Amino acid sequence: MHRATTITAVIAALVGVAASGLAGCETTSGGAPPASEAVAAPPSANGLAPLDLGRIAYEKGDYETAWTTFLPLAESGDPVAQVHLARMSYYGRGRPQDP
């Protein structure tokens, strides 16, 4: 598969995950879920949220840990984690880059 085709497939899959995560979600006028429904990821043992742990791992060059940290967040609809995975896929970080 060509790089452009794979990138397009990854983006389409991530958009699909985001869309399915937002289906039926009522929002306030600002676009954010109402405070009563907002759910933050629980902090880890060291007090950092999983998204922060993924970012730290990425910045240290530990792409495998970053990928495994971002993946469940992206699958649950976190758009920031989805963008991180898309960029990692594009640059071949955490997974082999498409030729």
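Just so it is clear, the structure is predicted and the values come from calculations on it, not from any experiment.

1. Quick notes on the confidence of the model for the protein chain
- With 49% of its residues at a pLDDT of 70 or more, the protein chain shows a mean pLDDT of 73.
- By mean pLDDT, the top-scoring element of the protein chain is helix H3 (residues 63-75) (94), and the lowest-scoring one is helix H1 (residues 3-22) (58).
- For residues 22-29, every residue scores under 50 in pLDDT, and the model assigns this stretch seven contacts once sequence neighbours within four places are set aside.
- In the predicted structure, residues 33-39 sits below a pLDDT of 50 and forms six contacts with residues beyond four places in sequence or in another chain.

2. Some remarks on the pattern of salt bridges
- Per the counting criterion, the structure on display carries one salt bridge.
- Two residues, Arg 55 and Asp 52, come together in a salt bridge whose shortest N-O distance is 3.8 Å. Within this pair, Arg 55 and its partner Asp 52 are both found in helix H2 (residues 50-59), separated by three residues, close to a single helical turn.
- Judged by relative accessible area, which is 30%, Asp 52 ranks as partly exposed.

3. Things to note about the packing of aromatic side chains
- Counted under the stated rule, the structure contains two aromatic pairs.
- Here the aromatic rings of Tyr 90 and Tyr 91 are separated by 4.8 Å at their centres, their planes lie at 90°, and the arrangement is edge-to-face.
- Classification of Tyr 90 as partly exposed rests on a relative accessible area of 35%.
- Residue classification places Tyr 91 among the partly exposed positions, given a relative accessible area of 45%.

How each quantity is defined
- Residues numbered from 1 in each chain as written.
- Predicted model: local features only at pLDDT ≥ 70, side-chain atom pairs only at ≥ 80, totals over all residues.
- Heavy atoms only, no water.
- pLDDT = per-residue confidence, 0-100.
- Helix = DSSP H or I, 4+ residues; strand = E, 2+ residues; numbered from the N terminus.
- Contact = heavy atoms within 4.5 Å.
- Salt bridge = Lys/Arg side-chain N within 4 Å of Asp/Glu carboxyl O.
- Buried < 20%, exposed > 50% of the residue type's maximum accessible area, 1.4 Å probe, protein only.
- Phe/Tyr/Trp six-rings, centres within 6.5 Å; stacked < 30°, edge-to-face > 60°.

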